[in-house]
Amino acid sequence: MKQLLIAGLVAAVATSAFAEYPDKPVTIVVPFAAGGPTDKVARDLAEALRKPLGGQSIIIENVGGAGGTLGAAKVAKSAPDGYTLLLHHIGMSTAPALYRKMTYDTLGDFEYVGMVNEVPMTLIGKPTLPAANYAELVKWMEANKGKINLANAGLGAASHLCGLLFQSTLKINMQTVPYKGTGPAMTDLLGGQVDLMCDQTTNTTSQIAAGSVKAYAVTTPKRLSTPALKNLPTLDEAGLKGFNVSIWHGMYAPKGTPKAVVDKINGALRTALKDPEFMKREEALGAVIITDARLSGDEHKKFVASEIAKWGPIIKAAGEYAD
Ligand code: ASP
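Small disclaimer: the values here were computed from a predicted structure and weren't measured.

Cut-offs applied
- Residues numbered from 1 in each chain as written.
- Predicted model: local features only at pLDDT ≥ 70, side-chain atom pairs only at ≥ 80, totals over all residues.
- Heavy atoms only, no water.
- Helix = DSSP H or I, 4+ residues; strand = E, 2+ residues; numbered from the N terminus.
- Rg over C-alpha atoms; globule rule 2.2 N^0.38 Å.
- Buried < 20%, exposed > 50% of the residue type's maximum accessible area, 1.4 Å probe, protein only.
- Contact = heavy atoms within 4.5 Å.
- Lys, Arg positive; Asp, Glu negative; His and termini not counted.
- Charge placed at Lys NZ, Arg CZ, Asp CG, Glu CD.
- Salt bridge = Lys/Arg side-chain N within 4 Å of Asp/Glu carboxyl O.
- Expected span 1.5 Å × (residues − 1).
- Core = buried A, V, L, I, M, F, W, Y, C linked by side-chain atoms within 4.5 Å.
- Axes fitted to C-alpha atoms, helices over the stretch in contact; angles between N-to-C directions.
- Parallel < 35°, antiparallel > 145°, perpendicular 65-115°, else oblique.
- Left-handed = near helix turned anticlockwise from the far one by under 90°.
- Nonpolar A, V, L, I, M, F, W, Y, C, P; charged D, E, K, R; others polar.
- Near = heavy atom within 4 Å.
- Polar contact = N/O pair within 3.5 Å; in protein donor to acceptor, adjacent residues only side chain to side chain.
- Disulfide = S-S within 2.5 Å.

Engineer: I would appreciate a short explanation of the overall build of the chain in the present structure.
Structural biologist: Looking only at helices and strands, the chain has eleven helices and ten strands in total. At 21 Å, the chain has a C-alpha radius of gyration in line with the 20 Å of a compact globule built from 323 residues. Taken over the C-alpha atoms alone, the chain extends approximately 80 × 40 × 30 Å along its principal axes. Relative to its full complement of 323 residues, the chain shows a buried share of 54%. Taking as baseline every contact in the chain between residues at least 6 positions apart, the subset at least 24 positions apart corresponds to 78%. One finds the centroid of the 33 positive side-chain charges in the chain at a distance of 2 Å from the centroid of its 29 negative side-chain charges.

Set out below in structure tokens:
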């Protein structure tokens, strides 16, 4: 009886402590450099999360490198108290097939909070690239075999995955140049240090609209409706039959974060995704906010497991890996 009372008291104290969550700033780790698409989504989301998280400050910490695995590993090893969260993308599900020595377990080391958005990608080129459209790009690539540079954000990044599929479908090998994120990669593309990049519309739309990069195609099976992107062909219709890469973002907490805290963050995420300012920004950048069952942590986890099963064999067939 006495033991029951003590257990009840401990549970009540724990519940009330978590009921106050958050009572200090929350950090969202972005596993890529500042200025790129994952960083942009995280910063916009942080704005929208602030109110539903009781007005607390939300700090963005950029931990770029190794295709997003360094930042993910950092969160997997952080205190499970809800004050360190991860905003990651499809790299959650491509890394297990690419890295022989993973320092975290994608499905085992996190509490899944929920899915945020889906984002198409675009194939873009440096401003001085002579090809004006996809057909001309193919001719230029044929003529420049062995000399073409393709920027990416490291093995396992969305840009790497897209570039990998692009090269293996075209059967053209390019020199890949890894960055800590496609923010700095975009700077080099604009400066002409690299030739091509495949990146999320959340990073490329404004550059395409301003005409500061060459834009060749979108990676999804349907054309996009965003004004700056609606005239771009799909890679499928341009000749790469079946080409389809759509990137998603999700939110995670370290394994062991109390359920009450994860539920509170999930509730805040659901509110944030309906924030009119956030919705407007996402739509303008070609992203689609999640409104289906994958908003729940459990369904998002099932989805990530299905993505691991989907991309693993494709990546292995391409013979790509890192030690
Ligand atoms: N878009 C990048 C990639 O996965 C990452 C980033 O900088 O957000 O290639």
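Engineer: I tried to follow the pattern of salt bridges on my own but got confused; where do I start?
Structural biologist: Two side chains of opposite charge can pair, provided their charged atoms sit close to one another. In the structure shown here, the tally under the stated rule is 14 salt bridges. Between K255 and E111 there is a salt bridge, with the nearest N and O atoms lying 3.9 Å from each other. Residue K255 is located in the loop between β9 (246-254) and α9 (259-272), and its partner E111 is located in strand β4 (residues 110-125); the two are separated by 144 residues in the primary sequence. On the accessibility criterion, K255 (43% relative accessible area) is partly exposed. A salt bridge links E277 to K280; the nearest nitrogen and oxygen atoms lie 3.5 Å apart.

Engineer: Explain helix α2 (residues 37-50) to me, please; I cannot follow it from the model alone.
Structural biologist: For α2, which comprises 14 residues, the first-to-last C-alpha distance of 20 Å matches the rise-based estimate of 20 Å (1.5 Å per residue) to within 8%. Among the 14 residues that make up α2, ten are buried, leaving the element largely enclosed by the rest of the structure. Restricting attention to buried positions, one finds in α2 the residues P37, T38, D39, V41, A42, D44, L45, A46, A48 and L49.

Engineer: Sorry if this is basic, but what is going on with the nonpolar core here?
Structural biologist: Generally speaking, soluble globular proteins have nonpolar side chains that are buried together. If you look at the biggest cluster of nonpolar residues, it comprises 86 residues, and the most contacted ones within it are L45, F110, L137, M141 and F166. Ignoring anything within four residues of it in the chain, the contact list for L45 reads L87, V116, M251, L269, A272, L273 and F278. In this structure, I124, A151, V218 and L224 belong to the second largest nonpolar core, which totals 15 residues.

Engineer: Which parts of the structure should I look at to understand the packing of helix α6 (residues 158-170) against helix α11 (residues 297-317)?
Structural biologist: Relative orientation and spacing of two packed helices are given, respectively, by the angle between their axes and the distance between those axes. Orientation of α6 relative to α11, taken along the N-to-C sense of each, is 55°, at an axis distance of 11 Å. Judged by the angle between their axes, α6 and α11 are oblique. Note that α6 runs across α11; the crossing there is left-handed. Across from L161, L164 and L165 in α6, the residues of α11 making contact are W311, I314 and I315. Grouping the constituent residues of the contact of α6 with α11 by class yields six nonpolar, no polar and no charged.

Engineer: Help me understand the environment of G267, please; the structure alone is not making it clear to me.
Structural biologist: The residue G267 is located in helix α9 in this model. The class of G267 is partly exposed, set by a relative accessible area of 31%. Along the backbone, G267 and P52 are 215 residues apart, and their C-alpha atoms lie at a distance of 8.0 Å.

Engineer: Help me out: how do you make sense of the site of the ligand in this one?
Structural biologist: If you check the shell around the ligand, you find F32, P37, T38, H89, A153, A157, A158, S159, G181, T182, D199 and Q200 and nothing else. Interatomic distance of 2.6 Å between a side-chain N/O atom of T38 and an oxygen atom of the ligand. The separation between an oxygen atom of the ligand and a polar side-chain atom of H89 is 2.5 Å. Residue composition of the shell around the ligand, by class: five nonpolar, six polar and one charged.

Engineer: How do you make sense of the state of the cysteines when you look at a structure like this?
Structural biologist: The full count for this structure, using the stated rule, is one disulfide. Between the sulfur atoms of C162 and its disulfide partner C198 the distance amounts to 2.0 Å. One disulfide, between C162 and C198, carries an S-S torsion of 60° and so falls in the right-handed class. Placement of C162 in helix α6 and of C198 in strand β7 (residues 196-200) is noted, with a sequence separation of 36 residues between them.

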